[in-house]
Amino acid sequence: MSLPSSGSPSLKSGPSLSEQLITDMTTWRRHLHQFPECGFEVNLTADFIAEKLESFGIQVERNVGKSGLVGILRSGDSDASIGLRADMDALHIHEQNTFAHCSKHDGKMHACGHDGHSAMLLGAACYLAQCPSFNGTVYFIFQPDEEHGCGAQAMIDDGLFERFSIDEVYGIHNFPGLAEGELMVRPGSLMASESGFEISIKGVGGHAALPHQGIDPMVVGAQVILALQTVVSRNLSAISETAVVSATEFITDGTVNVIPTQVTIKGDCRCFTEATLARIEESMARIVAGICQAAGASHTFTFTNTFYPTVNAKQQTVYAVEAARKVLGTDNVNAECEPLTISEDFSSMLRVKPGCYVLLGNGTESIGGCALHNPKYDFNDRILPLGARYWIQLVNDRLGDAMVN
Ligand SMILES: [Zn+2]
Ligand SMILES: [Zn+2]
């Protein structure tokens, strides 16, 4: 993966935030960092966020998708709307940092910066509530359980896009390794899907010395694993369908002198479009069924999609790039970055509504440059105002009086 080089700051404009708001965002972020919660169990976090939104005069709907919440801020008489999304959940990691705001919940840690995403969206909400120079409705979406890939879908299943009239959705993730003050994005597929598979092959076990009396599922499984290598190399376009299919576990009930009765093969797939995803599943099912049938073995095959590919809409990516360039400077926004093989459950929202997901540099040095999900990671507080200003600019651009849909 190549990252854009540090561009010299160019013409910047966009909203400016008060010193008080910048200090508040840092305080909120460090508070959230100290009390991380995981999965759907983010009730203290949701309480904290709801209380802040209400203190800004923003209407709050709780328990959307279990512990998710939506803040609603209207201004003017336009029906136009925008959804801005942050994630709230942390990870089951023992934090190894020693600073004052490190985790006080043993074994849990904000190691992906969702504390920062929530704080920067709260900052934008506070600013927009005080200076509502837009015409329409802003929906502030705070979702649980991003890390397991279920929170966005839970909110959608609970009527996120029916109960709230949201035209388009946007998200931000911080990105260690990309310089502070820079942002990268691309139209189309930005991040990969993540899917797991499990193949169980049942043969007829028996004595290792008498294989002709049984059906050896080890040999069948080995053929399946080799044939799975042709899913990518012989079923997908070498130009347009980048994908990975990896068998990662081979479990048997055999022992040194016993041919097993059953083997289980597990693994992981990544790709960048739903069409490719469907082709991978289809090819795997066909290959497994054919090999097992030829050997006289029975089988089951399950393919579980955890994260869809994150696919940015073309037009909304243009809007995101324009807003980011106003705030960060033209040279600091890479609008055509390479796709990434990590995954993100904001993808579920992008399947329903047009929108754009961007990656905001968390820094390259010290803590800001530490990898996501690392026990020494920390969100870089200096990028809080950059994220909040990007949100505000995007709202003002999309819900300005002169907005053309
Ligand atoms: Zn993460
Ligand atoms: Zn994350």
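None of the values given here were measured: they were computed from a predicted structure.

Asker: Can you walk me through the confidence of the model for the chain in this structure?
Answerer: Do not read the predicted coordinates in detail wherever pLDDT is low. Of the residues in the chain, 96% reach a pLDDT of 70 or more, and the chain-wide mean stands at 95. In this model, residues 1-9 is a region of pLDDT below 50 whose contacts with residues beyond four sequence positions or in other chains number 21 contacts.

Asker: Whenever I open this one, the coordination of the zinc ion (ligand 1) confuses me. Can you help?
Answerer: Each angle at a metal carrying four tetrahedral donors should ideally be 109.5 degrees, and each at a metal carrying six octahedral donors should ideally be 90 or 180 degrees. Taken together, Cys112 (SG), Glu147 (OE), Glu147 (OE) and His373 (NE2) make up the full set of protein donors to the zinc ion (ligand 1), lying 2.0 to 2.5 Å away. Geometry at the zinc ion (ligand 1) is irregular, judged from its 4 donor atoms and the angles of 55 to 152° they form at the metal. Each donor residue of the zinc ion (ligand 1) belongs to the same chain, and together they define the spacing C-x34-E-x225-H. The two metals, the zinc ion (ligand 1) and the zinc ion (ligand 2), are separated by 3.2 Å and share Cys112 as a common coordinating residue. Taken together, the residues span a long stretch of sequence, with Cys112 in the loop between β3 (81-87) and α3 (114-130) and Glu147 in the loop between β4 (136-143) and α4 (151-157) at a distance of 35 residues. Judged by its relative accessible area of 5%, Cys112 falls in the buried class. Since its relative accessible area comes to 16%, Glu147 is described here as buried.

Asker: How should the pattern of salt bridges be read in this particular structure?
Answerer: Pairs can form between side chains of opposite charge whenever their charged atoms are close. With the rule as written, the count across this model stands at 16 salt bridges. Across the salt bridge formed by Arg85 and Asp87, the nearest N and O atoms sit 3.6 Å from each other. Here Arg85 makes a salt bridge to Glu344, at a shortest N to O gap of 2.7 Å. Remark: Glu344 occurs in the loop between β15 (333-334) and α9 (346-352) and Arg85 occurs in strand β3; sequence separation between them is 259 residues. As far as the burial class goes, Arg85 and Glu344 line up, both buried. Via salt bridges that share partners, Arg29, Arg30, Asp115, Asp378 and Asp381 belong to a single interconnected network.

Asker: Please explain α3 as it appears in this structure.
Answerer: Each full turn of the α-helix corresponds to 3.6 residues, which orients residues three or four apart in the same direction. Look at α3: 24 Å from first C-alpha to last across 17 residues, which is about the 24 Å you get at 1.5 Å a residue. With respect to burial, α3 is a largely interior element, 15 of its 17 residues being buried.

Rules of the game
Residues numbered from 1 in each chain as written. Chains lettered and ligands numbered in written order. Predicted model: local features only at pLDDT ≥ 70, side-chain atom pairs only at ≥ 80, totals over all residues. Heavy atoms only, no water. pLDDT = per-residue confidence, 0-100. Contact = heavy atoms within 4.5 Å. Donors = N, O, S within 2.8 Å, 3.2 Å for Na, K, Ca; no water. Tetrahedral: all angles 85-135°; square planar, octahedral: opposite > 155°, others 65-115°. Helix = DSSP H or I, 4+ residues; strand = E, 2+ residues; numbered from the N terminus. Buried < 20%, exposed > 50% of the residue type's maximum accessible area, 1.4 Å probe, protein only. Salt bridge = Lys/Arg side-chain N within 4 Å of Asp/Glu carboxyl O. Expected span 1.5 Å × (residues − 1).

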